[in-house]
Amino acid sequence: MKKFFKVLNLGNKKKKFFKAISLKNTNFSYYKSILIFSSVVFTLILLTFHISSKNVESTFSHNRNLDRFLQTQELYNLKKKETIKIDEIPISKRKSDFILKMLPIVQEVNKKILSKRERIFLIEKRLKTNSLSVLDADSLKRLFREYNVKNNDFKELKSRTDIIPISLTIAQAAIESGWGTSRFALKGNAFFGQKIVGSNGNGIKPIENKNPLVKVRSFNTLKDSVYAYAKNLNTHNAYKKFRQVRREQRSLSQTLDGHYLAKTLKNYSELGKPYITKVQSIIKGNNLGRFDYLEYQSAQR
């Protein structure tokens, strides 16, 4: 520090120094102008930055509010859709939606039945050649029990283990469930009006039914309902005629025709013949017969 002051105080340099910073010096106004200009520019830059940040914040806030609005609008529209009543949906759309919903499930159930049918023919063949395995014997025993076949009757087992035509299944489901809109269908996946009697078992009580022990059987899934319907037609004594005509169609290598087989289901409803006419009318009116030709020609008859 001593050295510094020494240099400043040497000779005429002291005078020159004070002269440089003197306000009376004409060069000072030039530097002063530059300093003021720089300050103004710097101030403008700061102001611009401040305005820009405010705009960004405002835009972000606007976008956030817009997102909230869109989410609220979407939720409103969703709730609005949910409040649409079934009877407000055009009948043509209800029918097409119902058919599209039923078709893959009926196909899946029929495919499983056909798999069992083919297994039966294979076991019968092995039985004739004395090559039946323990696994085959166990499978056969379970199939006899599942289809309520007595006396190890192979002919009856083959008659019962067969598919239900798609057209017939969908038509009956449409009638019994009001194209999927009935209380039983919506609450309990009851699409075929199958009834149970007794205090036990899952079921829904019909409002108009005076007998508290009679209920419409309910199911966990639509698939369970279709499977129970198929088993009902394949095992109940009331549908023996149905199985007989179906076996005849098989023996003639014919495609199982739901419209034709419907005439055997007089016992399915208390309406009798008018019920058959209604089933056939739905099959024909909605061109359901075309689905029967999609299906399954079992390798063995």
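Procedures and definitions
- Residues numbered from 1 in each chain as written.
- Predicted model: local features only at pLDDT ≥ 70, side-chain atom pairs only at ≥ 80, totals over all residues.
- Heavy atoms only, no water.
- Helix = DSSP H or I, 4+ residues; strand = E, 2+ residues; numbered from the N terminus.
- Buried < 20%, exposed > 50% of the residue type's maximum accessible area, 1.4 Å probe, protein only.
- Contact = heavy atoms within 4.5 Å.
- Areas by Shrake-Rupley, 256 points an atom, 1.4 Å probe, with all protein chains shown as cover.
- Salt bridge = Lys/Arg side-chain N within 4 Å of Asp/Glu carboxyl O.
- Expected span 1.5 Å × (residues − 1).
- Arc of directions from axis to C-beta.
- Pairing = 2+ DSSP bridges.
- pLDDT = per-residue confidence, 0-100.

Enquirer: How should the overall build of the protein chain be read in this particular structure?
Expert: The helix and strand tally for the protein chain stands at 13 helices and three strands. Looking at the protein chain as a whole, 34% of its 301 residues are labelled buried. Long-range pairs, those at least 24 residues apart, make up 60% of the contacts in the protein chain between residues at least 6 apart in sequence. Taken as a whole, the protein chain presents about 20500 Å² of accessible surface, with 57% of it coming from carbon and sulfur.

Enquirer: How should the pattern of salt bridges be read in this particular structure?
Expert: Two side chains with opposite charge may pair up if their charged atoms get near one another. Applying the stated criterion to the full structure yields 10 salt bridges. Notably, a salt bridge pairs Glu-108 with Lys-223, separated by 2.7 Å at the nearest N-O pair. Taken together, the positions of Glu-108 in helix H4 (residues 91-128) and Lys-223 in helix H9 (residues 222-235) put the pair 115 residues apart, joining distant regions of the chain. Between Glu-146 and Lys-116 there is a salt bridge, with its nearest N and O atoms 2.6 Å apart. With a gap of 30 residues between them, Glu-146 in helix H5 (residues 134-146) and Lys-116 in helix H4 connect regions that are remote in the sequence. A relative accessible area of 22% places Lys-116 in the partly exposed class.

Enquirer: Can you walk me through helix H10 (residues 240-251) in this structure?
Expert: Every α-helix carries 3.6 residues per turn, so stepping three or four residues along brings you back to the same face. Look at H10: 17 Å from first C-alpha to last across 12 residues, which is about the 16 Å you get at 1.5 Å a residue. For H10, the complete set of buried residues consists of Phe-242, Arg-243, Val-245, Arg-246, Gln-249 and Arg-250. Burial along H10 is one-sided: seen end-on, the buried residues are contained in an arc of 165°. The outward face of H10, more than 90 degrees from its buried face, is lined by the exposed residues Lys-240 and Ser-251.

Enquirer: What should I look at first to understand the pairing of strand S3 (residues 214-217) in this one?
Expert: Within a regular strand, side chains alternate between the sheet's two faces. Strand direction decides the pairing type here: strand S1 (residues 195-197) and S3, joined by three bridges, are antiparallel. The residue bridging Val-197 from the neighbouring strand is Val-214, located in S3. Relative to S3, strand S2 (residues 203-204) runs antiparallel, the two sharing two bridges. Within the sheet, the bridge partner assigned to Gly-203 lies in S3 and is Arg-217.

Enquirer: Help me understand the confidence of the model for the protein chain in this model?
Expert: Detailed reading of the predicted coordinates is not advisable wherever pLDDT is low. Scored by pLDDT, the protein chain has a mean of 80; 70% of the residues are at 70 or more. The model gives residues 1-23 a pLDDT under 50, and that stretch makes eight contacts with residues more than four places away or in other chains.

Enquirer: Mind showing me how you'd approach the environment of Val-106 here?
Expert: One can find Val-106 in helix H4. Classification of Val-106 as buried rests on a relative accessible area of 1%.

Enquirer: Even after reading the chapter, I still don't get H5, so can you show me in this structure?
Expert: Between its terminal C-alpha atoms H5 stretches 18 Å, which fits the 18 Å expected from 13 residues at 1.5 Å a residue. Considered for burial, the residues of H5 that qualify are Asp-136, Ser-139, Leu-140, Leu-143, Phe-144 and Glu-146. Within H5, the buried residues cover an arc of 160° as seen down the axis, which keeps them to one side. For H5, the exposed residues lying more than 90 degrees away from the buried face are Val-134, Lys-141 and Arg-145. Where H5 is buried, its residues meet H4, helix H6 (154-160) and H9. Just beyond H5, the residue with positive phi is Asn-148, at close to 55°.

Enquirer: Would you take a moment to explain the sheet that holds S2 for this structure?
Expert: Strands in a sheet are paired, the pairing made by backbone hydrogen bonds, and the direction either parallel or antiparallel. Taken together, three strands build an open sheet; the order of strands is S1-S3-S2 and the sheet is antiparallel. Because the sheet does not close on itself, it has two edges, and the strands there are S1 and S2.

Enquirer: Would you mind showing me how to read unusual backbone geometry here?
Expert: Peptide bonds are mostly trans, and most non-glycine residues show a negative phi. Positive phi values are uncommon outside glycine, yet Asn-148 reaches one of about 55°. Of note, Asn-148 is situated in the loop between H5 and H6. Using a relative accessible area of 46% as the deciding quantity, one classes Asn-148 as partly exposed. Located in the positive-phi region is Ser-253, a residue other than glycine, with phi close to 55°. Its place among the elements puts Ser-253 in the loop between H10 and helix H11 (258-261).

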